[in-house]
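# A closer look at the structure
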Amino acid sequence: DIDMQIVRHGKFKSAVEPLIQKEMSPENREQYDAFINAIWGTMLDDIAASRGLDKANLNDIADGLLAYDAEKAVDAKLIDGALHRDEYRHVVARHLGLEDPSDINVVSLSQYDRVFKSLNLIDERIAVIYATGQIGKGTGANDEVGADKFAETISKVRTDDDVKAVVLRVNSPGGDALASDIIWRELDMCQAAKPVIVSMGDVAASGGYWISSASERIVANPTTLTGSIGVFGVVPNFGDFMENKLGITYDNVSTNQNAGFPSLMRPLSEYEREVLQRKVENVYDLFLLRVSENRDMSMENVDRIGEGRVWSGVDAQRLGLVDDLGGLHDAIGLAAEIAGLEKYRVLELPVLKDPVEQMLEDLSANASSNIMKNRLGPFYDEYMQLLSVMKWEGVQAILPCQVTIE
(Lines give C-alpha, C1' and ligand atoms only; values in the text may rest on other atoms or scores of the structure.)
Protein backbone atom coordinates (compact mmCIF):
# COMPACT_ATOMS: atom_id res chain seq x y z
CA ASP A 1 0.00 0.00 0.00
CA ILE A 2 3.02 2.36 -0.23
CA ASP A 3 3.01 4.22 -3.52
CA MET A 4 6.49 5.30 -4.67
CA GLN A 5 5.99 8.43 -6.80
CA ILE A 6 8.91 8.78 -9.20
CA VAL A 7 10.18 11.70 -11.24
CA ARG A 8 13.35 11.16 -13.24
CA HIS A 9 15.32 12.07 -16.34
CA GLY A 10 17.05 9.30 -18.26
CA LYS A 11 15.48 6.14 -19.62
CA PHE A 12 18.47 4.19 -18.28
CA LYS A 13 18.22 5.76 -14.79
CA SER A 14 16.92 2.56 -13.26
CA ALA A 15 17.75 2.94 -9.55
CA VAL A 16 14.04 3.40 -8.89
CA GLU A 17 12.88 0.35 -10.83
CA PRO A 18 12.90 -2.05 -7.84
CA LEU A 19 10.47 0.36 -6.14
CA ILE A 20 7.91 0.35 -8.94
CA GLN A 21 8.18 -2.91 -10.93
CA LYS A 22 9.16 -6.56 -10.62
CA GLU A 23 11.52 -6.95 -13.57
CA MET A 24 14.07 -4.96 -15.56
CA SER A 25 12.94 -2.49 -18.16
CA PRO A 26 14.22 -3.21 -21.70
CA GLU A 27 16.60 -0.21 -21.39
CA ASN A 28 17.97 -1.44 -18.08
CA ARG A 29 18.49 -4.95 -19.43
CA GLU A 30 20.31 -3.48 -22.44
CA GLN A 31 22.78 -1.52 -20.30
CA TYR A 32 23.37 -4.42 -17.91
CA ASP A 33 24.07 -6.72 -20.84
CA ALA A 34 26.53 -4.21 -22.30
CA PHE A 35 28.62 -3.47 -19.22
CA ILE A 36 28.56 -7.03 -17.83
CA ASN A 37 29.88 -8.37 -21.14
CA ALA A 38 32.50 -5.59 -21.27
CA ILE A 39 33.71 -6.59 -17.80
CA TRP A 40 33.68 -10.28 -18.74
CA GLY A 41 35.67 -9.53 -21.90
CA THR A 42 38.37 -7.78 -19.84
CA MET A 43 38.46 -10.67 -17.38
CA LEU A 44 38.82 -13.18 -20.22
CA ASP A 45 41.69 -11.20 -21.77
CA ASP A 46 43.55 -10.97 -18.45
CA ILE A 47 43.05 -14.60 -17.43
CA ALA A 48 43.91 -15.92 -20.89
CA ALA A 49 47.12 -13.87 -20.99
CA SER A 50 48.24 -14.71 -17.46
CA ARG A 51 47.39 -18.42 -17.56
CA GLY A 52 48.23 -19.09 -21.19
CA LEU A 53 44.71 -20.32 -21.96
CA ASP A 54 42.43 -19.90 -24.93
CA LYS A 55 39.43 -17.58 -24.36
CA ALA A 56 37.06 -20.05 -25.99
CA ASN A 57 38.30 -22.68 -23.55
CA LEU A 58 37.72 -20.30 -20.65
CA ASN A 59 34.14 -19.76 -21.78
CA ASP A 60 33.65 -23.52 -21.90
CA ILE A 61 35.00 -23.78 -18.33
CA ALA A 62 32.62 -21.07 -17.18
CA ASP A 63 29.60 -22.53 -19.00
CA GLY A 64 30.21 -26.05 -17.67
CA LEU A 65 31.18 -25.08 -14.10
CA LEU A 66 34.43 -26.97 -14.75
CA ALA A 67 36.31 -25.10 -12.01
CA TYR A 68 33.69 -25.55 -9.31
CA ASP A 69 36.15 -27.07 -6.82
CA ALA A 70 39.90 -26.85 -6.32
CA GLU A 71 40.81 -30.12 -8.04
CA LYS A 72 38.79 -29.22 -11.12
CA ALA A 73 40.42 -25.78 -11.16
CA VAL A 74 43.82 -27.54 -11.24
CA ASP A 75 42.67 -29.72 -14.12
CA ALA A 76 41.44 -26.62 -15.96
CA LYS A 77 44.87 -24.99 -15.39
CA LEU A 78 43.28 -22.02 -13.64
CA ILE A 79 45.45 -22.70 -10.57
CA ASP A 80 48.73 -24.57 -10.16
CA GLY A 81 47.94 -26.72 -7.17
CA ALA A 82 45.62 -27.50 -4.27
CA LEU A 83 47.47 -27.49 -0.93
CA HIS A 84 46.77 -27.36 2.77
CA ARG A 85 47.99 -24.28 4.66
CA ASP A 86 51.07 -26.03 6.10
CA GLU A 87 52.00 -27.34 2.64
CA TYR A 88 51.66 -23.84 1.20
CA ARG A 89 54.04 -22.43 3.84
CA HIS A 90 56.65 -25.00 2.79
CA VAL A 91 56.32 -23.83 -0.81
CA VAL A 92 56.85 -20.21 0.28
CA ALA A 93 59.87 -21.22 2.37
CA ARG A 94 61.39 -23.10 -0.55
CA HIS A 95 61.05 -20.04 -2.82
CA LEU A 96 62.75 -17.93 -0.13
CA GLY A 97 65.61 -20.41 0.23
CA LEU A 98 64.58 -21.38 3.77
CA GLU A 99 64.47 -24.89 5.21
CA ASP A 100 62.02 -24.20 8.03
CA PRO A 101 58.71 -22.38 7.32
CA SER A 102 58.84 -20.88 10.82
CA ASP A 103 61.82 -18.80 9.65
CA ILE A 104 59.60 -16.82 7.25
CA ASN A 105 59.68 -13.18 8.36
CA VAL A 106 56.15 -11.82 7.88
CA VAL A 107 55.47 -8.09 7.85
CA SER A 108 51.89 -6.81 7.88
CA LEU A 109 50.74 -4.40 5.18
CA SER A 110 50.12 -1.65 7.76
CA GLN A 111 53.68 -2.03 9.13
CA TYR A 112 55.12 -1.94 5.60
CA ASP A 113 53.06 1.16 4.80
CA ARG A 114 54.27 3.00 7.92
CA VAL A 115 57.92 2.25 7.16
CA PHE A 116 57.54 3.51 3.60
CA LYS A 117 56.00 6.78 4.78
CA SER A 118 58.56 7.37 7.54
CA LEU A 119 61.41 7.19 5.04
CA ASN A 120 59.87 9.77 2.71
CA LEU A 121 60.68 13.24 4.11
CA ILE A 122 60.40 15.30 0.93
CA ASP A 123 58.42 18.55 1.29
CA GLU A 124 56.71 18.49 -2.13
CA ARG A 125 53.56 16.43 -1.97
CA ILE A 126 50.80 14.88 -4.03
CA ALA A 127 47.57 14.79 -2.07
CA VAL A 128 45.46 11.65 -2.56
CA ILE A 129 41.89 12.31 -1.44
CA TYR A 130 39.69 9.24 -1.00
CA ALA A 131 36.01 9.71 -1.91
CA THR A 132 34.56 6.37 -0.81
CA GLY A 133 30.87 5.62 -0.32
CA GLN A 134 27.59 7.32 -1.04
CA ILE A 135 27.65 11.11 -1.44
CA GLY A 136 25.52 13.09 1.00
CA LYS A 137 25.22 16.40 2.79
CA GLY A 138 27.02 17.33 6.01
CA THR A 139 30.14 15.65 7.33
CA GLY A 140 29.09 12.08 6.50
CA ALA A 141 30.03 8.84 8.27
CA ASN A 142 33.23 6.82 7.82
CA ASP A 143 31.80 5.01 4.80
CA GLU A 144 30.19 8.08 3.21
CA VAL A 145 31.35 11.15 1.29
CA GLY A 146 30.09 14.12 3.30
CA ALA A 147 29.99 17.24 1.10
CA ASP A 148 30.93 19.70 3.86
CA LYS A 149 33.85 17.63 5.09
CA PHE A 150 35.21 16.97 1.61
CA ALA A 151 34.79 20.57 0.50
CA GLU A 152 36.84 21.67 3.51
CA THR A 153 39.53 19.06 2.80
CA ILE A 154 39.82 20.11 -0.86
CA SER A 155 39.94 23.79 0.12
CA LYS A 156 42.85 23.19 2.49
CA VAL A 157 44.74 21.24 -0.17
CA ARG A 158 44.15 24.00 -2.72
CA THR A 159 45.78 26.61 -0.48
CA ASP A 160 48.67 24.38 0.67
CA ASP A 161 51.76 25.46 -1.28
CA ASP A 162 53.54 22.18 -0.50
CA VAL A 163 50.84 20.22 -2.34
CA LYS A 164 51.72 20.39 -6.04
CA ALA A 165 49.00 18.10 -7.41
CA VAL A 166 45.84 16.30 -6.29
CA VAL A 167 44.64 12.77 -7.04
CA LEU A 168 40.98 12.16 -6.25
CA ARG A 169 40.37 8.45 -5.72
CA VAL A 170 36.66 7.92 -6.38
CA ASN A 171 34.88 4.76 -5.32
CA SER A 172 31.31 6.00 -5.11
CA PRO A 173 27.94 5.20 -6.71
CA GLY A 174 26.93 8.85 -6.27
CA GLY A 175 24.10 10.14 -4.13
CA ASP A 176 22.70 13.58 -3.38
CA ALA A 177 22.91 15.89 -6.42
CA LEU A 178 23.40 19.10 -4.40
CA ALA A 179 26.16 17.51 -2.32
CA SER A 180 27.85 16.32 -5.53
CA ASP A 181 27.82 19.85 -6.94
CA ILE A 182 29.26 21.29 -3.72
CA ILE A 183 32.22 18.93 -4.02
CA TRP A 184 32.48 19.62 -7.76
CA ARG A 185 32.76 23.37 -7.08
CA GLU A 186 35.70 22.95 -4.70
CA LEU A 187 37.46 20.59 -7.11
CA ASP A 188 36.89 23.00 -9.99
CA MET A 189 38.56 25.81 -8.01
CA CYS A 190 41.37 23.45 -7.00
CA GLN A 191 41.92 22.49 -10.64
CA ALA A 192 42.50 26.15 -11.48
CA ALA A 193 45.34 26.23 -8.95
CA LYS A 194 47.07 22.86 -9.48
CA PRO A 195 46.63 19.61 -11.45
CA VAL A 196 43.70 17.41 -10.37
CA ILE A 197 43.75 13.80 -11.58
CA VAL A 198 40.90 11.38 -10.90
CA SER A 199 41.50 7.69 -10.24
CA MET A 200 38.34 5.61 -10.49
CA GLY A 201 38.01 2.45 -8.41
CA ASP A 202 35.29 -0.19 -8.77
CA VAL A 203 32.57 2.41 -9.29
CA ALA A 204 32.51 6.14 -10.01
CA ALA A 205 29.03 6.67 -11.36
CA SER A 206 26.32 9.31 -11.38
CA GLY A 207 27.27 11.71 -8.55
CA GLY A 208 30.62 9.90 -8.48
CA TYR A 209 31.13 10.88 -12.11
CA TRP A 210 29.78 14.38 -11.42
CA ILE A 211 32.66 15.11 -9.02
CA SER A 212 35.14 13.26 -11.26
CA SER A 213 34.46 15.60 -14.17
CA ALA A 214 36.18 18.49 -12.35
CA SER A 215 39.66 17.24 -13.26
CA GLU A 216 42.43 17.50 -15.81
CA ARG A 217 42.56 13.76 -16.51
CA ILE A 218 40.45 10.75 -15.54
CA VAL A 219 42.05 7.32 -15.09
CA ALA A 220 39.75 4.30 -14.72
CA ASN A 221 40.11 0.55 -14.48
CA PRO A 222 38.79 -1.39 -17.50
CA THR A 223 36.07 -2.84 -15.28
CA THR A 224 35.12 0.39 -13.50
CA LEU A 225 31.38 1.14 -13.58
CA THR A 226 30.97 4.79 -14.47
CA GLY A 227 28.76 7.24 -16.33
CA SER A 228 25.12 6.94 -15.19
CA ILE A 229 24.62 10.62 -16.05
CA GLY A 230 21.02 11.06 -14.94
CA VAL A 231 18.96 12.10 -11.93
CA PHE A 232 15.70 11.24 -10.18
CA GLY A 233 13.51 12.13 -7.21
CA VAL A 234 11.27 9.91 -5.08
CA VAL A 235 8.30 10.99 -2.94
CA PRO A 236 6.68 8.01 -1.18
CA ASN A 237 2.96 8.15 -0.40
CA PHE A 238 2.28 6.30 2.88
CA GLY A 239 -1.39 7.35 3.07
CA ASP A 240 -2.99 4.02 2.11
CA PHE A 241 -0.47 2.08 4.17
CA MET A 242 -1.18 4.10 7.34
CA GLU A 243 -4.95 3.87 6.88
CA ASN A 244 -5.22 0.23 5.79
CA LYS A 245 -2.60 -1.22 8.13
CA LEU A 246 -2.83 1.06 11.18
CA GLY A 247 -6.17 2.85 10.85
CA ILE A 248 -4.50 6.28 10.89
CA THR A 249 -5.75 9.02 8.58
CA TYR A 250 -4.55 12.59 8.01
CA ASP A 251 -6.19 15.92 7.31
CA ASN A 252 -4.84 19.46 7.26
CA VAL A 253 -5.53 23.15 6.94
CA SER A 254 -3.17 25.49 5.13
CA THR A 255 -2.67 29.15 4.27
CA ASN A 256 -1.74 28.57 0.64
CA GLN A 257 -2.61 26.16 -2.12
CA ASN A 258 0.69 24.21 -2.04
CA ALA A 259 1.77 24.89 1.56
CA GLY A 260 1.90 21.16 2.34
CA PHE A 261 4.23 20.26 -0.53
CA PRO A 262 5.57 17.64 -0.56
CA SER A 263 3.32 15.45 1.60
CA LEU A 264 4.16 11.81 2.36
CA MET A 265 0.55 11.00 3.24
CA ARG A 266 -1.27 11.78 -0.03
CA PRO A 267 -0.64 11.49 -3.78
CA LEU A 268 1.12 14.29 -5.61
CA SER A 269 -1.16 16.64 -7.49
CA GLU A 270 -0.57 17.09 -11.20
CA TYR A 271 0.91 20.54 -10.55
CA GLU A 272 3.21 19.23 -7.77
CA ARG A 273 4.49 16.49 -10.07
CA GLU A 274 5.19 19.10 -12.76
CA VAL A 275 7.18 21.17 -10.24
CA LEU A 276 9.26 18.12 -9.27
CA GLN A 277 9.80 17.18 -12.90
CA ARG A 278 11.08 20.70 -13.68
CA LYS A 279 13.45 20.44 -10.73
CA VAL A 280 14.77 17.11 -11.97
CA GLU A 281 15.18 18.48 -15.51
CA ASN A 282 17.10 21.51 -14.19
CA VAL A 283 19.46 19.32 -12.16
CA TYR A 284 19.99 17.03 -15.17
CA ASP A 285 20.81 20.06 -17.35
CA LEU A 286 23.32 21.21 -14.73
CA PHE A 287 24.87 17.72 -14.73
CA LEU A 288 25.19 17.86 -18.53
CA LEU A 289 26.75 21.32 -18.31
CA ARG A 290 29.35 20.25 -15.75
CA VAL A 291 30.43 17.27 -17.86
CA SER A 292 30.27 19.23 -21.13
CA GLU A 293 32.53 22.05 -19.89
CA ASN A 294 35.07 19.79 -18.21
CA ARG A 295 35.24 17.09 -20.90
CA ASP A 296 35.19 19.47 -23.88
CA MET A 297 32.04 17.84 -25.28
CA SER A 298 28.80 19.37 -26.46
CA MET A 299 25.81 19.02 -24.16
CA GLU A 300 24.07 17.11 -26.95
CA ASN A 301 26.85 14.52 -27.05
CA VAL A 302 26.84 14.17 -23.27
CA ASP A 303 23.08 13.73 -23.33
CA ARG A 304 23.42 11.10 -26.07
CA ILE A 305 25.63 8.91 -23.84
CA GLY A 306 23.84 10.03 -20.68
CA GLU A 307 20.18 9.24 -19.99
CA GLY A 308 21.41 7.49 -16.84
CA ARG A 309 23.28 4.76 -18.75
CA VAL A 310 26.08 2.90 -16.98
CA TRP A 311 29.30 2.19 -18.88
CA SER A 312 32.36 0.06 -18.22
CA GLY A 313 35.76 1.75 -18.02
CA VAL A 314 36.67 0.43 -21.47
CA ASP A 315 33.52 1.81 -23.08
CA ALA A 316 33.80 5.06 -21.12
CA GLN A 317 37.27 5.64 -22.58
CA ARG A 318 35.94 5.01 -26.08
CA LEU A 319 33.15 7.53 -25.49
CA GLY A 320 35.43 10.23 -24.08
CA LEU A 321 34.20 10.03 -20.48
CA VAL A 322 37.59 8.62 -19.39
CA ASP A 323 41.10 9.49 -20.63
CA ASP A 324 43.28 6.55 -19.59
CA LEU A 325 43.01 3.02 -18.24
CA GLY A 326 44.98 2.18 -15.12
CA GLY A 327 45.02 2.14 -11.33
CA LEU A 328 45.78 4.52 -8.50
CA HIS A 329 49.56 4.36 -8.94
CA ASP A 330 49.17 5.25 -12.62
CA ALA A 331 47.11 8.29 -11.63
CA ILE A 332 49.71 9.38 -9.06
CA GLY A 333 52.47 8.99 -11.65
CA LEU A 334 50.47 11.05 -14.14
CA ALA A 335 49.92 13.77 -11.53
CA ALA A 336 53.65 13.89 -10.82
CA GLU A 337 54.43 14.11 -14.52
CA ILE A 338 51.99 16.97 -15.13
CA ALA A 339 53.22 18.81 -12.02
CA GLY A 340 56.86 18.31 -13.07
CA LEU A 341 57.78 16.37 -9.91
CA GLU A 342 60.63 13.87 -9.80
CA LYS A 343 60.66 13.45 -6.02
CA TYR A 344 57.58 13.79 -3.87
CA ARG A 345 55.67 12.18 -1.06
CA VAL A 346 52.03 11.18 -0.91
CA LEU A 347 49.66 12.85 1.53
CA GLU A 348 46.54 10.73 2.09
CA LEU A 349 43.30 12.49 3.05
CA PRO A 350 40.91 12.74 4.81
CA VAL A 351 43.03 12.33 7.95
CA LEU A 352 42.00 9.17 9.76
CA LYS A 353 40.78 9.16 13.33
CA ASP A 354 42.96 8.20 16.28
CA PRO A 355 43.83 4.48 15.78
CA VAL A 356 42.41 3.40 19.15
CA GLU A 357 39.18 5.37 18.58
CA GLN A 358 38.87 3.94 15.08
CA MET A 359 39.52 0.41 16.32
CA LEU A 360 36.78 0.68 18.97
CA GLU A 361 34.34 2.06 16.40
CA ASP A 362 35.21 -0.70 13.95
CA LEU A 363 34.80 -3.38 16.63
CA SER A 364 31.38 -2.02 17.54
CA ALA A 365 30.32 -1.68 13.90
CA ASN A 366 31.63 -5.14 13.01
CA ALA A 367 29.82 -6.71 15.98
CA SER A 368 26.54 -5.10 14.94
CA SER A 369 27.12 -6.00 11.30
CA ASN A 370 27.90 -9.63 12.13
CA ILE A 371 24.74 -9.94 14.21
CA MET A 372 22.64 -8.61 11.34
CA LYS A 373 24.38 -10.88 8.83
CA ASN A 374 23.70 -13.93 11.02
CA ARG A 375 20.05 -12.99 11.44
CA LEU A 376 19.32 -11.96 7.86
CA GLY A 377 21.56 -14.43 6.03
CA PRO A 378 21.25 -14.06 2.24
CA PHE A 379 18.91 -11.07 2.69
CA TYR A 380 21.56 -8.89 4.39
CA ASP A 381 22.58 -7.09 1.17
CA GLU A 382 18.95 -6.25 0.39
CA TYR A 383 18.53 -4.90 3.93
CA MET A 384 21.57 -2.65 3.55
CA GLN A 385 20.27 -1.42 0.18
CA LEU A 386 16.94 -0.54 1.83
CA LEU A 387 18.78 1.47 4.49
CA SER A 388 20.57 3.32 1.70
CA VAL A 389 17.27 4.14 -0.04
CA MET A 390 15.86 5.50 3.22
CA LYS A 391 18.59 8.16 3.20
CA TRP A 392 17.49 9.58 -0.16
CA GLU A 393 16.48 13.22 0.18
CA GLY A 394 15.96 15.68 -2.66
CA VAL A 395 17.13 14.99 -6.21
CA GLN A 396 19.50 12.02 -6.45
CA ALA A 397 22.33 11.20 -8.85
CA ILE A 398 23.13 7.62 -7.92
CA LEU A 399 24.13 4.35 -9.61
CA PRO A 400 21.07 2.20 -10.39
CA CYS A 401 22.57 -1.12 -9.32
CA GLN A 402 24.85 -3.11 -7.07
CA VAL A 403 27.21 -5.41 -8.99
CA THR A 404 28.89 -8.45 -7.47
CA ILE A 405 31.57 -10.29 -9.50
CA GLU A 406 31.49 -14.01 -8.70
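Look a little higher up for the structure.
Residues numbered from 1 in each chain as written. Predicted model: local features only at pLDDT ≥ 70, side-chain atom pairs only at ≥ 80, totals over all residues. Heavy atoms only, no water.

### A closer look at the nonpolar core
- In terms of nonpolar packing, the biggest core is built from 52 residues, with Ile 183 and Ile 229 touching the most fellow members.
- Looking at this core, the element that brings in the most residues is helix α11 (residues 270–295), giving seven residues.
- Once residues lying within four places of it in the same chain are set aside, the contact partners of Ile 229 are Tyr 209, Tyr 284, Phe 287, Leu 288, Val 291, Val 302, Gly 306, Glu 307, Gly 308, Arg 309 and Leu 321.
- Counting residues in each nonpolar core, the second largest holds 13 residues, with Ile 126, Val 219, Leu 328 and Ala 335 among its members. (Core = buried A, V, L, I, M, F, W, Y, C linked by side-chain atoms within 4.5 Å. Buried < 20%, exposed > 50% of the residue type's maximum accessible area, 1.4 Å probe, protein only. Helix = DSSP H or I, 4+ residues; strand = E, 2+ residues; numbered from the N terminus. Contact = heavy atoms within 4.5 Å.)

### Here we look at the packing of aromatic side chains
- As enumerated under the stated definition, the model contains two aromatic pairs in all.
- On the basis of an interplanar angle of 45 degrees and a centroid distance of 5.2 Å, the ring pair of Tyr 32 and Phe 35 is categorised as tilted. Residue Tyr 32 and its partner Phe 35 are located together in helix α2 (residues 26–51), separated by three residues, close to a single helical turn.
- The aromatic ring of Trp 184 is capped on one face by Arg 290, whose charged end is 3.8 Å from the ring centroid. (Phe/Tyr/Trp six-rings, centres within 6.5 Å; stacked < 30°, edge-to-face > 60°. Lys NZ or Arg CZ within 6 Å of the ring centre and 35° of its normal.)

### What to know about the environment of Lys 11
- Here Lys 11 shows up in the loop between β1 (3–9) and α1 (17–20).
- For Lys 11 and Arg 309, which are 298 residues apart along the polypeptide, the C-alpha to C-alpha distance reads 8.0 Å.
- If we skip the residues at most four places from it in the chain, Lys 11 touches Glu 27 and Glu 307.

### A few points about unusual backbone geometry
- Cis geometry is adopted by the peptide bond preceding Pro 262, which originates at Phe 261 and carries an omega value of -10 degrees.
- Residue placement: Pro 262 occurs in the loop between α10 (239–246) and α11.
- Look at the link from Leu 349 to Pro 350: it is a cis peptide, with omega at 0 degrees.
- With respect to the helices and strands, Pro 350 occurs in the loop between β13 (345–349) and α15 (355–376).
- Its identity as a non-glycine residue notwithstanding, Ser 228 has a phi of 55 degrees, on the positive side.
- As for its placement among the helices and strands, Ser 228 is situated in the loop between β9 (225–227) and β10 (231–237).
- Even without a glycine there, the phi angle at Asp 296 is positive, about 55 degrees.
- Among the structural elements, Asp 296 can be located in the loop between α11 and α12 (299–305).

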